[in-house]
Amino acid sequence: MAKSKEKVKIEFVGKSGDGVTGSMYYITYNDKQILLDAGLYQTSGDDILKQYKVNHRNYKIPFADLDAVIISHFHIDHCGVVPYLFARGYRGNVYIPKGDKLLARIMWEDSLKIFESDCVKLEKRYDMNATPLYTQEDIEIALEHLVELPFGEDIVLFDDLTLHYYHASHIVNAAQVRLSFKIGETTKVLGFTGDIGSDIDKEYLLPYEPMPYCDILLAECTYGGSHKTHKQKDRLKDIEKIKCVVDQCCQHDTQKVVFGSFSLNRLQDILTTLYKIYGEDETFATPIIIDAPLGRKITDIWDKLIERDNNLWKKVISWKNIVWVDTYEESQQWQKLQTSQVVITTSNFLKAGRVVSWLKSVLPNENARICLCGYAGDENSVAYQIQHCKKWVTIDGERVRSRANVMQLTSFSSHACRSELLDRYIAMSYNKIYLVHGEKSGKEEFAKLLRDSLSKADRSAKVHIPVMGDNISF
């Protein structure tokens, strides 16, 4: 029997083992210790106490003794714990996809700002002494240890570990990670999909690249339980819906159309879509209000992040209709104006940030439109309740009447849909696949589909559903 030190051991230490967020995998082999992703746990509701407890838990990992940290992409549920590693004494390299170093500071500083705000709320609600997970000093130290690595190359990190990044087409510079471990005379391969995007052709991103054979595949399953599909024709339908709604509300009336969006990639995608519809139309005078502090910071460096379509982006960002809203006071002024406006405002699941004030302002108006794009979270989230036409929703502790018309845009999701995941995981070659980054019920439903499909294809690969705390070795 092989000794444990002759194997690669993986521990599912993050909440993504049995949920959607909190990506983190602790890998040991040949007396080395690697952390694959270091993401924050996030909820779609307002349970900041649970988030605080989970993210401040005892991870039971000797962070100071790690040999390397590897990040798939810069959504905060995949990279948001990195500065905390340095608060705990880590001083090694953090390997990231090429092009993401500029993004790191913006995302971590925004996360720190949210920590500080949440700590104030926790002290008021629960009379507890809450402290942020890390400090600005920890961020500065972490930034000094970032090492960008190119896509499409075998990179030797150690004499017994090689990394290869593959394009995930999820957000800008998002990667799938393939790690080859030299264990004695054999090579063992671990694949991690990170988050992978749909087959819809998207501006600024390079297409998804399938990974070659892996002994073990950690595979995202965010939409494993959803029956929604993402097809190229859906994007055309969404463009038609956007044009119809904007024309009706802003061209033939004086109403507001509000897009709730993520700051990273989604905002830029929606802005580009609006430009492609109206950018060359000299008669279109409606302002495009962008009320998104984090989104502006990302947009300011977008030309340095994107993987293609630079000329298109130059036209988009020069569009005369764009109005940036910097301060809260400016935001309030625009909300009070009874004029035609197309608004892009941001927050995670519509639960915080500038979007909260916009929702309070717009939701009671039956003639206004709210456009939701992508994953809405669970039934406790504001986005979910609005999407499912609840008459009253609670926003920032305040009950708000929901009368505005809601439009769902399906093609703007950054995740592959269930049918796309199924096709990709059937096409990929592996010995065992572990479904991560998904709700339990969705993973169970998807696992059955995948097992049946693999069986029909005469594939003997095993499908597993791990939970946080599980250990596997190969």
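This write-up is about the structure you can find in this document. Note that the structure is a prediction, hence the values are computed from the model and not measured. (Residues numbered from 1 in each chain as written. Predicted model: local features only at pLDDT ≥ 70, side-chain atom pairs only at ≥ 80, totals over all residues. Heavy atoms only, no water.)

This part covers the overall build of the protein. Counting its regular elements, the protein contains 15 helices and 22 strands. Here the C-alpha atoms of the protein give a radius of gyration of 22 Å, agreeing with the 23 Å that 2.2 N^0.38 yields for 474 residues. Out of the 474 residues belonging to the protein, those deemed buried represent 59%. Considering only contacts in the protein between residues 6 or more positions apart, those separated by 24 or more positions represent 75%. Within the structure as shown, the protein displays about 19,900 Å² of accessible surface, and the carbon and sulfur contribution to it stands at 48%. Between the mean site of the 60 positive side-chain charges and the mean site of the 64 negative ones, the protein shows a separation of 4 Å. (Helix = DSSP H or I, 4+ residues; strand = E, 2+ residues; numbered from the N terminus. Rg over C-alpha atoms; globule rule 2.2 N^0.38 Å. Buried < 20%, exposed > 50% of the residue type's maximum accessible area, 1.4 Å probe, protein only. Contact = heavy atoms within 4.5 Å. Areas by Shrake-Rupley, 256 points an atom, 1.4 Å probe, with all protein chains shown as cover. Lys, Arg positive; Asp, Glu negative; His and termini not counted. Charge placed at Lys NZ, Arg CZ, Asp CG, Glu CD.)

Quick look at the sheet that holds strand 13 (residues 288-291) now. Sheet strands associate in pairs through backbone hydrogen bonding, adopting either a parallel or an antiparallel arrangement. Strand order in this open sheet of six strands is 14-13-15-12-16-19, and the pairing throughout is parallel. Strands at the two margins of the open sheet, each flanked by one partner only, are strand 14 (322-324) and strand 19 (405-409). Put simply, the sheet's adjacent strands are angled 20° from each other on average, direction ignored. The pairing of strand 16 (residues 369-373) with strand 19 spans five bridges and is parallel. Counterpart to C371 in the pairing with strand 19 is M407. Running over the sheet, helix 6 (residues 232-251) touches strand 12 (256-261), strand 15 (341-346), strand 16 and strand 19 and is turned about 155° from strand 19. (Pairing = 2+ DSSP bridges. Axes fitted to C-alpha atoms, helices over the stretch in contact; angles between N-to-C directions.)

Taken together, the seven strands give an open sheet; going across it, the order is 7-8-9-10-11-20-21, and neighbouring strands pair in mixed fashion. Edge positions in the sheet fall to strand 7 (154-158) and strand 21 (462-464), since each of these pairs with one other strand and no more. On average, each strand axis in the sheet is inclined to that of its neighbour by 20°, with strand direction left out of account. Inspection of the sheet shows strand 20 (residues 430-436) paired to strand 21 by three bridges, in the parallel sense.

So, on to the packing of helix 4 (residues 101-126) against helix 8 (residues 293-300). Between helix 4 and helix 8, whose axes approach to 10 Å, the crossing angle comes to 170°. Taken together, the axes of helix 4 and helix 8 lie roughly antiparallel to each other. Only L294, K297 and I298 of helix 8 make contact with helix 4, whose side of the interface consists of L103, I106, M107 and D110. A breakdown of the residues in the contact of helix 4 with helix 8 according to their chemical character gives five nonpolar, no polar and two charged. (Parallel < 35°, antiparallel > 145°, perpendicular 65-115°, else oblique. Nonpolar A, V, L, I, M, F, W, Y, C, P; charged D, E, K, R; others polar.)

To continue, consider the environment of N365. With respect to the helices, strands and loops of the structure, N365 is situated in the loop between helix 12 (354-362) and strand 16. Between the alpha carbons of N365 and I139 there is a distance of 42 Å; along the sequence they are 226 residues apart. Setting aside residues no more than four positions away along its own chain, N365 makes contact with Q255, R403 and A404. A polar atom in the side chain of N365 sits 3.0 Å from the side chain of Q255. At 2.9 Å, the side chain of N365 forms a polar contact with the backbone nitrogen of N367. (Polar contact = N/O pair within 3.5 Å; in protein donor to acceptor, adjacent residues only side chain to side chain.)

To continue, consider the state of the cysteines. Taken as a whole and assessed by the stated rule, the structure comprises zero disulfides. With no disulfide of its own, C79 lies 19 Å from the sulfur of C119, the closest cysteine sulfur. On the basis of relative accessibility, which here comes to 0%, the residue C79 falls in the buried class. Free of any disulfide, C214 has its nearest neighbouring cysteine sulfur in C221, separated by 17 Å. (Disulfide = S-S within 2.5 Å.)

We now examine helix 15 (residues 440-456). Each turn of an α-helix holds 3.6 residues, which means side chains three or four residues apart point in the same direction. Spanning 17 residues, helix 15 covers 24 Å between terminal C-alpha atoms, matching the ideal 24 Å at 1.5 Å per step. Buried residues of helix 15: G442, K443, F446, A447, L450, S453 and L454, and no others. On an axial view of helix 15, the arc spanned by its buried residues comes to 135°, and they lie on one face. Pointing more than 90 degrees away from the buried face of helix 15 are the exposed residues S441, K448 and K456. (Expected span 1.5 Å × (residues − 1). Arc of directions from axis to C-beta.)

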